[in-house]
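# Remarks on the overall topology
Okay, here's what each chain looks like letter by letter:
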Amino acid sequence: MLSLNYIRENKHTILAGLEKRQFKPLSIIDEIIALDQKRREQKNELDNILAQANQKAKEIGMLFKQGKAEEANELKAATVAFKEKSKTLQESLQQTTAALHDLRTQIPNIPHDLVPNGTSEKDNKIVFTEGEIPKLADDALPHWELASQYGLIDFELGSKITGAGFPVYKGKGARLQRALINYFLDKNTAAGYEEMQVPHLVNADSGFGTGQLPDKEGQMYRVPEDDLFLIPTAEVPLTNLYRNQLLQAKELPICLTGYTPCFRREAGSYGAHVRGLNRLHQFDKVEIVRIEEPQNASAALEEMVNHVKGLLADLQMPYRILRLCAGDLGFTAALTYDFEIFSTTQNRWLEISSVSTFNSFQAERLQLRYKNKQEKKQLVHTLNGSALALPRVVAGLLENCQSPKGIKIPDVLVPYTGFEWIN
RNA sequence: AGAGAGGUGGCCGAGUGGUCGAAGGCGCACGCCUGGAAAGCGUGUAUUCCGUCAACGCGGAAUCGAGGGUUCGAAUCCCUUCCUCUCUGCCA
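The following paragraphs examine the structure supplied in this document. The structure presented is a predicted model; accordingly, all values stated were derived computationally and were not measured.

Taken as a whole, this structure holds 1 cavity of 30 Å³ or more when the rule is applied. Its volume calculated, the largest cavity comes out at about 30 Å³. Lining the largest cavity, in full, are Leu152, Ile153, Tyr169, Gly173, Leu176, Gln177, Val394 and Leu398. The set of elements that each furnish at least two residues to the lining of the largest cavity consists of α7 (171-190) and α12 (390-400). Among the elements that make up the lining of the largest cavity, the one with the highest residue count is α7 (3 residues). Residues belonging to the lining of the largest cavity are distributed by class as follows: 6 nonpolar, 2 polar and no charged.

Another point: the protein's contact with RNA strand B. RNA strand B sits among 19 residues. The nearest are Arg39, Ala57, Lys76, Arg369 and Lys377. Sugar plus phosphate: this is where 71% of the atoms of RNA strand B within 4 Å of the protein reside. Arg369 is positioned such that a nitrogen or oxygen atom in its side chain is 2.9 Å from a phosphate oxygen of RNA strand B. At the level of elements, α3 (27-65) and α4 (69-105) are the ones that each hand at least two residues to the surface near RNA strand B. Among the elements that make up the surface near RNA strand B, the one with the highest residue count is α3 (12 residues).

Here we come to the layout of surface pockets. Its boundaries defined by the atoms lining it, the second largest pocket holds a volume of some 520 Å³. In this structure, the second largest pocket is lined by 20 residues; those nearest its centre are Leu2, Tyr6, Asn359, Ser360 and His381. For the lining of the second largest pocket, the elements supplying multiple residues, two or more each, are α1 (4-9), α2 (11-20) and α11 (361-366). Considering every element that reaches the lining of the second largest pocket, the biggest residue donor is α2, with 4 residues. Partitioned by chemical class, the residues of the lining of the second largest pocket number 8 nonpolar, 9 polar and 3 charged.

Leu180, Phe184, Leu312, Leu315, Phe339, Leu388 and Leu413 are the most contacted members of the largest nonpolar core, which has 61 residues in total. Residue contributions to this core peak at 9 residues, all from helix α10 (residues 297-315). Every residue in contact with Phe339, bar those within four places of it in the chain, is listed here: Val305, Val308, Lys309, Leu312, Tyr319, Arg320, Ile321, Leu350, Glu351, Ile352, Ser353 and Val355.

Here Thr357 lies in strand β13 (residues 348-357). Given a relative accessible area of 5%, Thr357 falls into the buried group. Apart from residues lying up to four places away in sequence, Thr357 is in contact with Ala297, Leu301, Ala333, Ala334, Leu335, Thr382 and Leu383.

Turning next to the sheet that holds strand β4 (residues 194-195). Spatially, the 8 strands line up as an open sheet ordered β1-β11-β12-β13-β16-β10-β9-β4, and their pairing is mixed. Each of the sheet's edge strands pairs with one partner strand only, and the pair in question is β1 (125-130) and β4. In terms of strand pairing, strand β11 (residues 319-323) meets strand β12 (residues 335-343) through 5 bridges, oriented antiparallel. Bridge pairing in β12 places Leu322 opposite Asp338.

To continue, consider the pattern of salt bridges. The full count for this structure, using the stated rule, is 17 salt bridges. One salt bridge in this structure joins Arg279 and Glu266, with 3.2 Å as the shortest N-O distance. Within this pair, whereas Arg279 is found in the loop between β9 (254-263) and β10 (282-292), its partner Glu266 is found in the loop between β9 and β10, the two being separated by 13 residues in sequence. Among the residues examined, Glu266 registers a relative accessible area of 15% and is labelled buried. Among the ionic pairs, Arg290 bridges to Glu303, the shortest N-O distance being 3.1 Å. With Arg290 in strand β10 and Glu303 in helix α10, this pair connects stretches of sequence that are 13 residues apart. Accessibility expressed as a relative area gives 47% for Glu303, which makes it partly exposed. Residues joined by salt bridges that share partners form a network here, namely Arg8, Asp36, Arg39 and Arg40.

Within the open sheet, the 3 strands sit side by side as β5-β7-β6. Their pairing is antiparallel. Two strands bound the open sheet, and with one partner strand each, they are β5 (201-203) and β6 (222-223). When β6 meets strand β7 (residues 228-230), the two strands line up antiparallel, connected through 2 bridges. Residue pairing in the sheet places Val223 in a bridge with Leu228 of β7.

About the criteria used
Residues numbered from 1 in each chain as written. Chains lettered and ligands numbered in written order. Predicted model: local features only at pLDDT ≥ 70, side-chain atom pairs only at ≥ 80, totals over all residues. Heavy atoms only, no water. 1 Å grid on protein atoms, 1.4 Å probe; cavity = no way out; pocket = protein on both sides within 12 Å on 5 of 7 lines; lining within 4 Å. Points joined across faces, edges and corners; volume = space filled by probe spheres on them. Helix = DSSP H or I, 4+ residues; strand = E, 2+ residues; numbered from the N terminus. Nonpolar A, V, L, I, M, F, W, Y, C, P; charged D, E, K, R; others polar. Near = heavy atom within 4 Å. Polar contact = N/O pair within 3.5 Å; in protein donor to acceptor, adjacent residues only side chain to side chain. Core = buried A, V, L, I, M, F, W, Y, C linked by side-chain atoms within 4.5 Å. Buried < 20%, exposed > 50% of the residue type's maximum accessible area, 1.4 Å probe, protein only. Contact = heavy atoms within 4.5 Å. Pairing = 2+ DSSP bridges. Salt bridge = Lys/Arg side-chain N within 4 Å of Asp/Glu carboxyl O.

In structure tokens, the structure reads:
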């Protein structure tokens, strides 16, 4: 969410940013500025009434103390008008404030200067490519067939107990999941991220804090009985750990990592692209989150990108990095790098990590600030990224590492799996 | 899940209807004292919003878990709700 001060003072920057995103209608900004003006006028009027009412109340108190009950009671009658007036003013001020808040929640983050123009994923810019795409035999199989052939994942069983998109991992398949999670957590903590175990259900305030609510309400599973949401990513609980906080500069940066399952309704998805592990309702992901001083956020983003590069290099996966264009950028992000590994048998790139900086967009919603060197309170910058999301890593790994002898586990994972081959 | 107690500033803790945004203490900052430090002494020390100012500041409003209500006036009384603690129950 953009702060009111920022909107007031940077109207043209904001309009340019929204235009880049093809956001409509742009008139919303003028609407906000006008409403804000109205809010301040109403606030002023109300404050004046309340000041007068407070004054009268004090006088009445004094009179009672001095035993002048009669005079006091006379004054009481004079306060009735204040009371009525302040009540109606208070109500309209509340309405204005709520309307203003509502409008502000509809505005996405302003894209960073580096964000390319564009309307869809076709316009994302490839900024880095690494690794050889392996040449596989003609009879190489897609991961869902390998998973079934080696008894690693049972999609039908998941369908039976829950529904489509909730796979059951079995035997070496389950062990591979656990190995990847542990491997990622170890690498992340070695890089200075503190490991956290967080709840997998969050309340609406948390959903709002990171921007899932109200924007993506339909994408989250909810538990209406208790008014909770299943997390779509560990970003939500991890970042919200610091909601409503005033940090000291020396506490920053805060670097966290955590493994959680992620739950997504994925309403509207269909077709071959959701086959196998490509798109699931429940999947595992290890997330990294950083809370930074604004001036350090760019460097932090680069560090995170490099860290994820390191993970993929270890796994010996061919991958590329995309800088998302304005049209493909998430609602809350200012700049996003997507990591994609190449799925040889599907002949397509699969997104396995998304690393983003949010500037102060989430911090404003979270009310997460710090005291800077000048002792002034300032919103922090938040960043996060997947390091990594499991299913498509598994998909790529199965497909790219297959051979007539079976599937060769990458060396770095062997200490975690306890086996070198799936065969 | 049931019964009881409670939620006050960075922390502890007083405050049951009237100059209370809140005593006192701790902590912290600055100053005095000291060769230096400790101790001691003094001063200061919440946040948000609105207005005003070039700025320091000044004026006003709101905030004692959150939201409503009673009252001329609420930290204090009433209702709702969340959370914490104790006991009982249940349970991986």
